[in-house]
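Geometric and topological summary
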Number of protein chains: 2
Amino acid sequence: MNTIIAALSAALGPDQVLTDAASLHARRFDRWCVNHLRDFRGETLPSCAVIARPANVADVQKIVRICTAMNTPIIPYGLGSGVCGGIVGNPRAVLLDMGSMNRVRSIDPINLLADFDAGINGLLAEQLVAVEGLTIGHWPQSIGISSVGGWVSTRASGQFSTAYGNIEDIIYAIEAVLPNGDLVTLGCAPRAAAGPDLRHLLMGAEGTMGVITGVTLSLRRAPEQRTFSAYYAKTMDQGFAAQREIVQTGWLPPVMRQYDHPEVTRNFRAHARDNQAMLLMVHEGPAARVQAELTAVAKIAADGGMAPADPQVVADWMDQRNHVPEWRDLIERGLIVDTVEISGTWSRIGAIYNAAIKELAGLENVVNASAHSSHVYRTGINLYFSFASLMDGTERMEAAYFDGWDRIMRATAANGGGIAHHHGAGRLRKAYLHHDLGDTGVALLRRLKTAMDPQNLFNPGNLIPDA
Amino acid sequence: MNTIIAALSAALGPDQVLTDAASLHARRFDRWCVNHLRDFRGETLPSCAVIARPANVADVQKIVRICTAMNTPIIPYGLGSGVCGGIVGNPRAVLLDMGSMNRVRSIDPINLLADFDAGINGLLAEQLVAVEGLTIGHWPQSIGISSVGGWVSTRASGQFSTAYGNIEDIIYAIEAVLPNGDLVTLGCAPRAAAGPDLRHLLMGAEGTMGVITGVTLSLRRAPEQRTFSAYYAKTMDQGFAAQREIVQTGWLPPVMRQYDHPEVTRNFRAHARDNQAMLLMVHEGPAARVQAELTAVAKIAADGGMAPADPQVVADWMDQRNHVPEWRDLIERGLIVDTVEISGTWSRIGAIYNAAIKELAGLENVVNASAHSSHVYRTGINLYFSFASLMDGTERMEAAYFDGWDRIMRATAANGGGIAHHHGAGRLRKAYLHHDLGDTGVALLRRLKTAMDPQNLFNPGNLIPDA
C-alpha cells in the first residue's frame, strides 16, 4: 500500500492523505451495532490503509483514477452514521473521506434549490437553508451526524416524509464520480423524460456504483403554521385503519407516528393509558389547510373509536426525536439492541406486526419487542421494530443480534412486506435482499455493478449478494 | 426471417404470429409526425418481418429467447401512440406486440393498488378502477390510445400531475422480461431502501432495456370535490409568478395550465381578452381543502394583478382535452405541426419561452409559435410549445419540421432548461440528449445498455446516441 499512499500524496498533497493510527481507527467502521459490540469485546477490527480527503471534485477523480490504476478498493465514507454495516475497514483499501468536501455551493430561494458538497453535515445544511426561511424537510433521526451525500447513498427517509417525501422525492440533481473516473451531473430540470432516470443508479448504491460528490435538493418554504395532534388507539389495527383513512382521503400530515403500547410506556410514560397505542401527528402548511386537516383528522379518529390525547406528547417527541443512542452505553448495561425498519401494504402490516412481535418472543433473554410506524403512503406504511435482550456478559450478544434481525426479516418476508424501508442494506441485509428483488433482480443488480465497476473496487462486499 | 417465423409459430402457436401485410403495415410506425408525413408523400416505410403477440409472460420469455438465440432485433410495441419515433419498422426485426396482453390482473381498493398487463388501454384501465370509486389520476392526452406499459416506458405525465405526480410517482411495481430472458418483478412494498431502485432502469427506456409485461399502479380515491378556477395574466411572466407562489406556499391544484395569448385565442376564443394569457386550474380533494385552496389561490392571483376569468373555460378544456389530432388531416391542409415539451426552473422559464418563440419566428412559413405550461413543480414548470408552418405542398415540410424542433431544443438548452419533459426521446431527441445527461451521462447510458442488452437487440437505434 505504500505505493498508493505515495501516489495519493503526490496527487493531493500530503495534508489530504492521512495514515496516522488515530484517524484510521476513528473510521474503521460506522454505527453498525455489531462492530461496536465486537470492538467492545476487544476484537481487533481492521482499518483501511489510508484515508484520502478530497478538497474538490477534481481531487475525487484523481483518487478514483489512482485506485483503479492500482486495482485498489475504495470505500466512500460520509460521516459514518450508517447502521447496516456499509463501512467495514479493509487494510487493502483506500477510505475516501467525503467529510472533507462540506461546503454549501448555492442556495436559491426563487427555485427552492440548494446545492451542497456531498460531505456536508445534514443539520448544518438544514440550518443554512433555514436562514433563508426555507427547509429541506428531510429529518432523519441521524440528521446531526449524517451527511447529505449519505442520505442519497442509503435512500434515507426523514421524520416528515409522509408529506415531504423520502430523499428520492427531494433530490433535484446528483453529481458523482463513477468508477471509471467520469464525472456525471444527473438532473438539470424540474422533471425529465430523457431516458431512464440515471440518478437512481446512485441513490441507494451505498458506495458500490461510484461516489456522490454533490447533491442539489429541492427545498420548501417554512410552513405558515405547525400544529400537533395525538390520539389513543385501542389496538395497532385501529390506529392503522385511521391512518389509512387519513391518507387515502387526501390529507397529509408530514409526521404520523403510531407507537405500540410498550413504546408509549417507554417513550411517553406520562401519557400511557391502559394497554393502548398512540398516534402522534404534526400538521404543517398554510394555516387554512392545517385547520381543515385538524378537523378532518379529528372526525376520522372519532369515527374510528379513538380518543384524543394531549398534543403535548408530540411536543415532547419533537424535543427528543434526534437523540441517537451510543451502542457502547447499552452494551455496558448488558443490552443488545437494534431497530429494524420494514414496510408493507395496509392489508399486510397488521400480520407483519403480529408475526414479528411473536417471533421476537423467542429471542434469547428478550426484554423488549415493540414497534412504531413513522412513514405513511397511500398503499401502506412502515414499521420500525425494536428488540432488546438483556445478557449476562457479551458472549452471546452477537448471536442474539443476528437472531433478532433474522426473526424480523423472515416474519416480514413471509407476510409479504418489504425488508428494508430506509436504513439501506449494507452487509446486514445482503442475505435478505432477494426477498425484495427476487433472484433475477439480484442478478440484475450484480450485472449493473459489473458494468459500472468491472474491477469490483467500490465498497466491495457491501450491499450486493455474491453470485 | 423464415426460420424465426417458424420458431415463433412453433413456440406460440400460429394464431399469435402475424405476417399478413395489413397487420405489418398497421404497426410500421407510431404517431411520430415525420413518418406520417413520409407516408403521405408516398415514401415506402419498412415494416417489421413478423408480429409476435404474447398471451402471457411465459410467451414473452419465449419470444425474447428465440430472438436472442437467433440474434434478431425485437421491437416492443404498446399501442403505438408515441410521438418521438420510438417505433420504426425494421424488416430484420420482430415486433413484439404487447397489445395482446391487455387484462386487468387485480384491483385492490384497500391498498389502492391495481395490477395490469402492460398492453391494456389506459382509458380502459382508468374506467375499470373508476367502477370501484378509484382513479389512477394519470391523464395523458393520449389516454384513449396509449397503453399502461407505454406510459412507463416513455416516462409519461398526465394532465393532473401537479398534485398526483408523473408516472414514476404512481408506479408501485414493474414486471419485465429482460434481454437475457429473465423475468423480474421490481417493487414489492410501499417504499424500499434495498439498493438502487431498479424500476428506474425500465421507466423511460423506451424498449431498449427489455420489455415491460405488467405494471402495478398506486391509485387514489375519487376526490370528494372538484372545482374550477381561471385567471387572466397580462404577461406569461405574471402568470408564472402566480403559479410559483401557489405551489411554493404549499397548494397543489392537480391541474394548472397557463396558455399564452395565441393559444387562448386558438383554444378558448370566447374567453380571449386583449393580449392576455390565461391560467386554468382544477382543484380537487376533500371539500374543506378545496375551499381553502380556492380562497388562497384567489388572493395570490389578485395580489399578482390577475383578474378572474369565467371558470367555464376550464369545463370547456375538460371536455376537449383528450382530442388527438390526425397528422394526415393537418398535412392535407398544408400544415406541418408539432408540439414540443420541455421544462425549466422558475427563473429560467421566461427566458426559455421568449427565446424559443423568437427562434420559431425564423421558421419557414411559420403561422404559429405558441406555448402553454401544464405541469408544475416547486422548482419550476414545463412548457409545451406548438409550431406550425403552412406550406405549399409537402416538399419542404420535413426540413421545416426538424428545423422547428432544432430551434426549440437549442433555445431550451441555451437557456438552461431540460430538453424533454414527458414525451420521451425516441429517435427525435437522440441528438439532443447530451444537453440533459452530459457526454459522460450519455456514455453511462450506453454502458448500461450494453450490460443489459449486449447483442443490442432491443429496439436498436432508439433513444441511445451512438458512441
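Residues numbered from 1 in each chain as written. Chains lettered and ligands numbered in written order. Predicted model: local features only at pLDDT ≥ 70, side-chain atom pairs only at ≥ 80, totals over all residues. Heavy atoms only, no water.

All right, on to the overall build of chain A then. Within chain A, the secondary structure is distributed over 17 helices and 18 strands. Principal-axis analysis of the C-alpha atoms gives chain A an extent of 70 × 60 × 40 Å. Within chain A, buried positions represent 63% of all 467 residues. Contacts spanning at least 24 positions in sequence make up 73% of the contacts within chain A whose residues lie at least 6 apart. Accessible area of chain A: about 15700 Å², with a carbon and sulfur share of 51%. Each charge class in chain A was averaged separately, 40 positive and 46 negative side chains, and the resulting centres sit 3 Å apart. (Helix = DSSP H or I, 4+ residues; strand = E, 2+ residues; numbered from the N terminus. Buried < 20%, exposed > 50% of the residue type's maximum accessible area, 1.4 Å probe, protein only. Contact = heavy atoms within 4.5 Å. Areas by Shrake-Rupley, 256 points an atom, 1.4 Å probe, with all protein chains shown as cover. Lys, Arg positive; Asp, Glu negative; His and termini not counted. Charge placed at Lys NZ, Arg CZ, Asp CG, Glu CD.)

For the rest of this paragraph, the subject is the relation of the copies chain A and chain B. Turning chain A through 180° and shifting it by 0.0 Å along the axis lays it on chain B, with an RMSD of 0.0 Å. The relationship between the two copies is best expressed as a two-fold rotation axis. The residues that chain A uses at the interface reappear at the interface of chain B in 100% of cases, marking a shared surface. (Least-squares fit on C-alpha atoms with pLDDT ≥ 70 in both.)

Residue and element names in this part refer to chain B. When you tally the buried positions in strand 14 (residues 277–285), you get nine out of nine residues, the bulk of the element. Burial along strand 14 is two-sided: Ala 277, Leu 279, Met 281, His 283 and Gly 285 facing one way and Met 278, Leu 280, Val 282 and Glu 284 facing the other are all buried. As judged from the nine bridges shared by strand 12 (residues 225–233) and strand 14, these two strands associate in the antiparallel manner. Note on strand 14: the bridge partner recorded for Thr 227 is His 283. (Pairing = 2+ DSSP bridges.)

In this structure, Leu 217 and Phe 385 of chain A together with Leu 217 and Phe 385 of chain B are the most contacted members of the largest nonpolar core, which totals 282 residues. With residues near it in sequence (within four places) discarded, Leu 217 of chain A still touches Leu 112, Leu 113, Ala 114, Phe 116, Ile 136, Val 148, Trp 151, Ile 167, Ile 170, Ile 171 and Tyr 172 of chain A. (Core = buried A, V, L, I, M, F, W, Y, C linked by side-chain atoms within 4.5 Å.)

Residues at a pLDDT of 70 or more form 100% of chain A, whose mean pLDDT is 97. Predicted complex metrics record ipTM = 0.98 and pTM = 0.98. (pLDDT = per-residue confidence, 0-100.)

The next point concerns the interface of chain A and chain B. How big an interface is tends to be stated in terms of accessible area lost as the parts join. Contacts between the two partners involve 83 residues from chain A, matched on the other side by 84 residues from chain B. There are four salt bridges connecting chain A and chain B. In this structure, Glu 168 of chain B and Arg 191 of chain A form a salt bridge, with 2.6 Å as the shortest nitrogen-oxygen distance. Summed over the shared surface of chain A and chain B, the number is 39 residue pairs in polar contact (both at pLDDT 80 or more). Of the residues forming the side of chain A that touches chain B, the biggest block, 12 residues, is contributed by helix 17 (residues 433–452) of chain A. (Salt bridge = Lys/Arg side-chain N within 4 Å of Asp/Glu carboxyl O. Polar contact = N/O pair within 3.5 Å; in protein donor to acceptor, adjacent residues only side chain to side chain.)

Looking now at helix 1 (residues 2–12) of chain A. All names here are of chain A. What helix 1 keeps buried is the set Ile 4, Ile 5, Ala 7, Leu 8 and Leu 12. Mapping the buried residues of helix 1 onto a view down its axis gives an arc of 165°, with all of them on the same face. Along helix 1, the residues that are exposed and aim more than 90 degrees away from the buried face are Asn 2, Thr 3 and Ala 10. For helix 1, the elements touching its buried residues are strand 1 (17–18), strand 2 (50–52), helix 4 (57–69) and strand 4 (94–97). Just downstream of helix 1, Gly 13 is the residue with a positive phi angle, here 95°. (Arc of directions from axis to C-beta.)

Now for the sheet that holds strand 3 (residues 74–77) of chain A. An order of 1-2-4-3 (chain A) is seen for the four strands of this open sheet, with the pairing classed as mixed. Of all the strands in the sheet, just strand 1 and strand 3 of chain A have a single pairing partner and so form its edges.

Attention shifts here to the packing of helix 1 (residues 2–12) of chain B against helix 4 (residues 57–69) of chain B. Residues and elements named next belong to chain B. Following both chains from N to C, one finds helix 1 and helix 4 inclined at 155°, their axes separated by 10 Å at the closest point. Taken together, the axes of helix 1 and helix 4 lie roughly antiparallel to each other. Our pair here, helix 1 against helix 4, has a crossing hand that is right-handed. Residues Ile 4, Ala 7, Leu 8, Ala 11 and Leu 12 of helix 1 form the contact with helix 4, whose own contacting residues are Asp 59, Lys 62, Ile 63, Ile 66 and Cys 67. Classifying every residue of the contact of helix 1 with helix 4 gives eight nonpolar, no polar and two charged. (Axes fitted to C-alpha atoms, helices over the stretch in contact; angles between N-to-C directions. Parallel < 35°, antiparallel > 145°, perpendicular 65-115°, else oblique. Left-handed = near helix turned anticlockwise from the far one by under 90°. Nonpolar A, V, L, I, M, F, W, Y, C, P; charged D, E, K, R; others polar.)

Taken as a whole and assessed by the stated rule, the structure comprises zero disulfides over all chains. Left unpaired, Cys 67 of chain A is separated from the closest cysteine sulfur, that of Cys 48 of chain A, by 10 Å. No disulfide involves Cys 84 of chain B; its sulfur sits 11 Å from that of Cys 33 of chain B, the nearest cysteine. (Disulfide = S-S within 2.5 Å.)

Enumeration according to the criterion identifies 12 aromatic pairs over all chains in this entry. With centroids separated by 6.3 Å and ring planes inclined at 80°, the aromatic side chains of Trp 32 of chain A and Phe 402 of chain A adopt a geometry described as edge-to-face. With Trp 32 of chain A in the loop between helix 2 (21–26) and helix 3 (33–40) and Phe 402 of chain A in helix 16 (residues 397–414), the pair connects residues that are 370 residues apart, well separated along the chain. You can call Trp 32 of chain A buried: its relative accessible area is 5%. Ring centres of Tyr 259 of chain A and Phe 268 of chain A lie 5.0 Å apart, and the angle between their planes is 85°; on these two criteria the pair is classed as edge-to-face. Note on accessibility: Tyr 259 of chain A and Phe 268 of chain A belong to one class, buried. Through a chain of ring-to-ring contacts, three or more aromatic side chains come together here, namely Trp 32, Phe 387, Tyr 401 and Phe 402 of chain A. Between Arg 289 of chain A and the ring centre of Trp 251 of chain B, over which it is positioned, the NZ or CZ distance is 6.0 Å. A cation over a ring is seen here: Arg 321 of chain A above Trp 139 of chain A, with NZ or CZ 4.6 Å from the ring centre. (Phe/Tyr/Trp six-rings, centres within 6.5 Å; stacked < 30°, edge-to-face > 60°. Lys NZ or Arg CZ within 6 Å of the ring centre and 35° of its normal.)

Before going further, it helps to spend a moment on the side chain of Thr 72 of chain B. All names here are of chain B. Mapping Thr 72 onto the fold places it in the loop between helix 4 and strand 3 (74–77). One polar contact links the side chain of Thr 72 to the main-chain carbonyl oxygen of Met 70, over a distance of 3.1 Å. Apart from the residues within four sequence positions on either side, Thr 72 is in contact with Met 1, Ile 4, Cys 67, Arg 92, Ala 93, Val 94 and Leu 457.

Residues and elements named next belong to chain B. Here Ser 146 is to be found in the loop between strand 7 (134–135) and helix 6 (148–153). With a relative accessible area of 3%, Ser 146 lands in the buried category. Counting along the chain gives 26 residues from Ser 146 to Ile 120, while the straight-line C-alpha distance between them is 8.4 Å. Residues within four places of Ser 146 in sequence aside, it is in contact with Leu 79, Ser 81, Ile 120, Asn 121, Gly 122, Pro 140 and Trp 151. A polar contact of 2.8 Å, which involves the side chain of Ser 146, links it to the side chain of Trp 151.

On to the environment of Ile 145 of chain B. Residue and element names in this part refer to chain B. Examined against the element boundaries, Ile 145 turns out to sit in the loop between strand 7 and helix 6. For Ile 145, a relative accessible area of 28% translates into the label partly exposed. The contact partners of Ile 145, leaving out residues within four places of it in the chain, are Arg 31, Leu 79, Ser 81, Asn 121 and Val 324.

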